[in-house]
Amino acid sequence: MVMNMNELQNRIDINRLPLHVGIIMDGNGRWATRRGLPRPLGHREGMLRVVDIVRCASDLGIKHLTLYAFSTENWKRPKEEVEGLMSLLLVYISKRLEEIYKNNVKINVFGNMNDFSDNVQNALTRAMERTQENDGMVLNLALNYGGQQEIVRACKKIVEQGISADEISSKVFKDNLYSQGQPDLDLIMRPSGEQRLSNFMLFQAAYSEFYFTDVLWPDFTEDEFYKAIIEYQGRSRRFGGV
Ligand code: FPP
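Note that the coordinates shown come from a computational prediction; the quantities given were computed from them, not determined experimentally. (Residues numbered from 1 in each chain as written. Predicted model: local features only at pLDDT ≥ 70, side-chain atom pairs only at ≥ 80, totals over all residues. Heavy atoms only, no water.)

1. So, the layout of surface pockets
The space that makes up the largest pocket amounts to roughly 750 Å³. Along the walls of the largest pocket sit 31 residues, with M25, N28, Y68, A69 and N74 positioned nearest its centre. Those elements that place two or more of their residues in the lining of the largest pocket are α2 (28–34), α3 (39–60), β2 (64–71), α4 (79–102) and β4 (138–145). Of the residues contributing to the lining of the largest pocket, the split by class is 15 nonpolar, eight polar and eight charged. (1 Å grid on protein atoms, 1.4 Å probe; cavity = no way out; pocket = protein on both sides within 12 Å on 5 of 7 lines; lining within 4 Å. Points joined across faces, edges and corners; volume = space filled by probe spheres on them. Helix = DSSP H or I, 4+ residues; strand = E, 2+ residues; numbered from the N terminus. Nonpolar A, V, L, I, M, F, W, Y, C, P; charged D, E, K, R; others polar.)

2. What to know about the sheet that holds β4
The strand order across the open sheet built from six strands is β3-β4-β2-β1-β5-β6, with neighbouring strands paired in parallel fashion. Looking at strand neighbours, the two that pair on one side only are β3 (106–110) and β6 (209–212), the edges of this open sheet. The mean angle between the axes of side-by-side strands here comes to 20°, regardless of whether they run parallel or antiparallel. In the packing of helix α5 (residues 118–131) onto the sheet, the strands contacted are β3 and β4, and the crossing angle to β3 comes to about 140°. (Pairing = 2+ DSSP bridges. Axes fitted to C-alpha atoms, helices over the stretch in contact; angles between N-to-C directions. Contact = heavy atoms within 4.5 Å.)

3. Some thoughts on the pairing of β2
Among the eight residues that make up β2, seven are buried, leaving the element largely enclosed by the rest of the structure. For strand β1 (residues 20–24) and β2, the ladder comprises five bridges, and the chain directions are parallel. By the bridge assignment for β2, G22 is matched with T66. Relative to β4, β2 is paired through seven bridges, and the arrangement is parallel. Across the sheet, the residue bridging to T66 is N140, located in β4. (Buried < 20%, exposed > 50% of the residue type's maximum accessible area, 1.4 Å probe, protein only.)

Laid out in C-alpha cells, this is it:
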C-alpha cells in the first residue's frame, strides 16, 4: 500500500525530532542523464527540491538544517556547470528570499564566500542580513565548503587567538567551526545510492545517524524526508554507552 504524505507525517513523533539534519544533495546529474536531458536541468530540478525540503523541514519543526550545496572539490567541474550552479544559487536566493524570511528561517553560510563572484557574495550577505532576526529554523548553506578545510581553519583561528594547548577543548574547537553555537548533526541524509561523507561536516558528524537511499535528489520529495525522519526515530542511539 502506498501511503500518502499525511500518513507518513503522522508517524513522526514531533517531540523526538533530530535537532540538526544535514543533507548531502546528490544525483542531479544522473537524474538528468537518465532522462536524456543536459545535466543543468538536473540541477534546476534539484533547486526546486531545495525549496520544497526547506519549507517541509521548517514546517515540521526542525531547528537546524544544513544543505551541502557546493563543495570545495566542485570547482573541478566544467566551467559551464559551475557557472550554472552559481546562477541557480542566485535565482534561489533572490527569488525565494521573501518566502524564506516569512517562514521565519534564518540563513547562514558554511564555507569561504570570498571565492565567489561579487554578485553571489552580495546576494548571500543580503540573505543573511534580511533573515538574521528570524528565530525559527536555521538554514545553513554549505557553499565552497570542505570538512577538512573547516577543521584546519578552526586550528588556525585558535592559534591566532593565542589560546594555549591546555585551554583547547572540544567546546573551544566547536566554537571555532562554522557551526559555532549549533548542535552536532543528529542525522545525515544522502540520496542517490552513494554511501560516503564526501568531506561533509567531519567534526560535527561524530555521532550522526546516516540515512542512505537510492532516490536521486531531484526525486527527493517531502515523503522521502519524512521516511528518513521515521527511520531515524526507530534507531537506538547510545553515544558510546550501552
Ligand atoms: C550533486 O549532484 C549536486 C550538487 C553538486 C549541487 C547541489 C545543488 C543543487 C541541489 C541546486 C542548487 C542549490 C541551491 C542551494 C539553490 P551531482 O551533479 O553530483 O549528480 P551526479 O552524481 O548524478 O552527477
